[in-house]
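Reading the structure
Here is what each chain is made of, one letter per residue.
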Amino acid sequence: MRLSARVDYALRAATELASVADGTAAERSRPVTAEQIARAQEIPPKFLESILLQLRRGGIVHAQRGPEGGYWLARPASEISLAEVIRVIDGPLAHVRGQRPEQLGYQGAARALQDVWIALRASEREILELVTIADVASGTLPGRVNELVADPSAWS
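Throughout what follows, the structure given in this document is the object of discussion. Residue numbers here run from 1 along each chain, matching the order of that chain's written sequence. Predicted model: local features are reported for residues with pLDDT of at least 70 only, side-chain atom pairs are reported and counted for 80 or more only, and whole-chain, interface and lining totals are derived from all residues. Side-chain metrics in this entry use all non-hydrogen atoms of the structure; hydrogen atoms and water are not considered.

**With respect to the pattern of salt bridges**
Here, a salt bridge means any side-chain nitrogen of Lys or Arg that lies within 4 Å of a carboxyl oxygen of Asp or Glu. As enumerated under the stated definition, the model contains 6 salt bridges in all. Notably, a salt bridge pairs Asp8 with Arg12, separated by 3.0 Å at the nearest N-O pair. Of the two residues, Asp8 and Arg12 are both situated in helix H1 (residues 5-20); the distance of 4 residues between them amounts to about one turn of the helix. Note on classification: 1.4 Å probe, protein chains only; a residue is buried when its accessible area is under 20% of the maximum for its type, exposed when over 50%, partly exposed between these limits. Classification of Arg12 as partly exposed rests on a relative accessible area of 23%. Put simply, Glu126, Arg144 and Glu147 are held in one network by salt bridges that share partners. Every helix listed is a DSSP run of H or I at least four residues long, and every strand listed is a run of E at least two residues long, numbered separately from the N terminus.

**Re the nonpolar core**
Nonpolar side chains in soluble globular proteins tend to end up buried together. To form a nonpolar core, buried Ala, Val, Leu, Ile, Met, Phe, Trp, Tyr and Cys residues must be joined to one another through side-chain atoms within 4.5 Å. Core analysis: the largest hydrophobic core is formed by 33 residues, its most contacted members being Leu48, Leu52, Leu55, Leu73, Val85 and Ile133. Where this core is concerned, the elements lending two or more residues are H1, helix H2 (34-41), helix H3 (45-57), strand S2 (70-73) and helix H4 (82-90). A per-element tally of this core places H1 first, with 8 residues. By the convention used here, residues are in contact when the closest approach between their heavy atoms is within 4.5 Å. Setting aside its immediate chain neighbours within four residues, Leu48 contacts Ala13, Ala34, Ile37, Ala38 and Ile43.

**Brief notes about the pairing of strand S1 (residues 61-64)**
Remember that side chains alternate between the two faces of the sheet whenever the strand is regular. Where S1 lies against S2, 4 bridges are found, and the strand directions are antiparallel. Counted as the bridge partner of His62 is Trp72 from S2. DSSP-based pairing: two strands are paired if at least 2 bridges between them are found. Hairpin connection between S1 and S2: a loop of 5 residues separates the two successive antiparallel strands, and Gly66 in this loop has a positive phi of roughly 100°.

**Some details on H2**
Buried within H2 we find Ala34, Ile37 and Ala38. Projected down its long axis, H2 carries its buried residues within an arc of 100°, all on one side. Seen from the open side of H2, the exposed residues pointing more than 90 degrees away from its buried face are Glu35 and Arg39. Glu42, located one to two residues past H2, shows a positive phi value of around 55°. Of all possible arcs, the one meant is that of the directions from the helix axis to the C-beta atoms.

**Topic: the packing of H1 against H3**
Axes here refer to lines fitted to C-alpha atoms; in helices the fit is confined to the stretch in contact. Angles between the N-to-C directions go from 0 to 180 degrees. For the pair H1 and H3, interaxial distance at closest approach is 10 Å and the crossing angle is 75°. By the angle class used here, H1 and H3 are roughly perpendicular. Note on element contacts: H3 touches H1 through Phe47, Leu48, Ser50, Ile51, Leu52, Gln54 and Leu55, opposite Ala5, Arg6, Tyr9, Ala10 and Ala13. Note on residue classes: Ala, Val, Leu, Ile, Met, Phe, Trp, Tyr, Cys and Pro are nonpolar, Asp, Glu, Lys and Arg are charged, and everything else, Gly too, is polar. In terms of residue class, the contact of H1 with H3 is made up of 9 nonpolar, 2 polar and 1 charged. With respect to orientation, any angle under 35 degrees is reported as roughly parallel, any angle over 145 as roughly antiparallel, any angle of 65 to 115 as roughly perpendicular, and every other angle as oblique.

**Considering H3**
Residue count minus one, scaled by 1.5 Å, sets the expected span of a helix. Taking 1.5 Å of rise per residue, 13 residues should cover 18 Å, and H3 covers 18 Å from first to last C-alpha, within 8% of that figure. Along H3, the residues classified as buried are Leu48, Ile51, Leu52 and Leu55. Along the long axis of H3, the arc covered by the buried residues comes to 105°, so they all point the same way. When the buried face of H3 is taken as reference, the exposed residues oriented beyond 90 degrees from it are Lys46 and Arg57. Gly59 lies just past H3 and shows a positive phi near 80°.

**Brief notes about the packing of aromatic side chains**
One pair of aromatic rings is described through two measures. These are the centre distance and the angle between the planes. Pairing of aromatic rings covers Phe, Tyr and Trp, the last through its six-membered ring, and needs centres within 6.5 Å; plane angles under 30 degrees mean stacked, over 60 mean edge-to-face, and all others mean tilted. Applying the stated criterion across every chain yields a total of 1 aromatic pair. On the numbers, 5.4 Å between centres and 85° between planes, the contact of Tyr9 with Phe47 is edge-to-face. Placement of the pair is Tyr9 in helix H1 and Phe47 in helix H3, with a sequence separation of 38 residues. The class for Tyr9 is buried, based on a relative accessible area of 16%.

**A short note on the packing of helix H5 (residues 113-130) against helix H7 (residues 143-150)**
In the contact formed by H5 and H7, the axes pass within 9 Å of each other and the chain directions differ by 125°. Here H7 runs oblique to H5, going by the angle between their axes. Here Glu126, Ile127 and Leu130 of H5 lie close against H7, whose contacting residues are Arg144, Val145 and Leu148. Classifying every residue of the contact of H5 with H7 by side-chain character gives 4 nonpolar, no polar and 2 charged.

Honestly, that's just the spatial picture; any functional story needs more than this.
So this is what it looks like as structure tokens:
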């Protein structure tokens, strides 16, 4: 799996916003400026601004202008999966040469590759839909993730 820098920064920014949230979006804490997020996560500020705009358009964050302005999560972090953030930033989870796996047509001996790509996407989805921004912000990951991480072969 290959994640873009945009996705990495978007996930880090959302996690940073979750770490300052009070719970529900309606009971949010003060807005956090892009500068504060950039500094806390060591993200280039101009790059972060465009990512935050995408997250706003995708319904992940809300924004407010002005001296009391900044960003906050549009919903509780427990309702925002990593998969949702990835899709907002980069589109569908698994593509092969820019196509969805079910749209590919392999022939002969390579025919089973389509099934492999579909299984890979399902496996990615399983984890990325399971893990929420709240899980990452709290450092308490679901048991299935911990099981996979505990396997030494996962680290190489």
